Amino acid sequence: MYARAVLAPGRTILYAGARDCLAAAFLQAPNTFVDRNLAQIVSNSWGGVGEDSSSPTLRSVYGQVFRQAAAEGIGV
């Protein structure tokens, strides 16, 4: 979905929602933006689910995505 930003005129906001509340679905959106280099900034919110409640494996996978983003100049 594309929308014009009110607070950032001239910019396009891309939105990707998870298909369900499982970790794999939450990981898919930021991974897609990074893999396809679709944005300069990626914002991700879990709505109250903190990092401390996720498994070490899941934190590691997110870390890989975030390191890839950083290497490509994408802010997360």
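Conventions we followed
Residues numbered from 1 in each chain as written. Predicted model: local features only at pLDDT ≥ 70, side-chain atom pairs only at ≥ 80, totals over all residues. Heavy atoms only, no water. Salt bridge = Lys/Arg side-chain N within 4 Å of Asp/Glu carboxyl O. Buried < 20%, exposed > 50% of the residue type's maximum accessible area, 1.4 Å probe, protein only. Core = buried A, V, L, I, M, F, W, Y, C linked by side-chain atoms within 4.5 Å. Helix = DSSP H or I, 4+ residues; strand = E, 2+ residues; numbered from the N terminus. Contact = heavy atoms within 4.5 Å. Axes fitted to C-alpha atoms, helices over the stretch in contact; angles between N-to-C directions. Parallel < 35°, antiparallel > 145°, perpendicular 65-115°, else oblique. Left-handed = near helix turned anticlockwise from the far one by under 90°. pLDDT = per-residue confidence, 0-100. Expected span 1.5 Å × (residues − 1). Arc of directions from axis to C-beta.

**Overview of the pattern of salt bridges**
Applying the stated rule across the entire model yields one salt bridge. Between Arg19 and Asp20 there is a salt bridge whose closest N-O contact spans 3.9 Å. For Arg19, a relative accessible area of 61% corresponds to the exposed category. Note on Asp20: relative accessible area 29%, which makes it partly exposed.

**Some details on the nonpolar core**
Side chains that are nonpolar tend, in soluble globular proteins, to be buried together. In terms of nonpolar packing, the biggest core is built from eight residues, these being Leu27, Phe33, Val34, Val42, Tyr62, Val65, Ala69 and Ile74. Of all the secondary structure elements, the ones that give two or more residues to this core are helix H1 (23–35) and helix H2 (56–71). When near neighbours in sequence (up to four residues on either side) are disregarded, Val42 contacts Pro30, Phe33, Ile74, Gly75 and Val76.

**Comments concerning the packing of H1 against H2**
Interaxial distance between H1 and H2 falls to 9 Å at its minimum, and their mutual angle equals 15 degrees. Relative to H2, the element H1 lies roughly parallel. Classified by chirality, the crossing of H2 by H1 is left-handed. Across from Ala23, Phe26, Leu27, Pro30, Asn31, Val34 and Asp35 in H1, the residues of H2 making contact are Leu58, Val61, Tyr62, Val65, Gln68 and Ala69.

**So, the confidence of the model for the chain**
Predicted coordinates in areas of low pLDDT are best not read in detail. The predicted model of the chain has a mean per-residue pLDDT of 79, with 79% of residues at 70 or higher. Confidence, read as mean pLDDT per element, is least for strand E1 (residues 2–4) in the chain (52) and greatest for H2 (90).

**Notes on H2**
Relative to the 22 Å expected for 16 residues at 1.5 Å per residue, H2 spans 22 Å between its end C-alpha atoms, a close match to the ideal helical length. Among all positions of H2, only Tyr62, Gly63, Val65 and Ala69 are buried. Projected onto a plane normal to the axis of H2, the buried residues spread over an arc of 165 degrees and lie on a single side. Seen from the buried face of H2, the exposed residues on the opposite side, beyond 90 degrees, are Pro56, Thr57, Arg67 and Ala71. Close packing links the buried residues of H2 with H1. Where H2 terminates, the next one or two residues include Gly73, which has phi positive at roughly 80 degrees.

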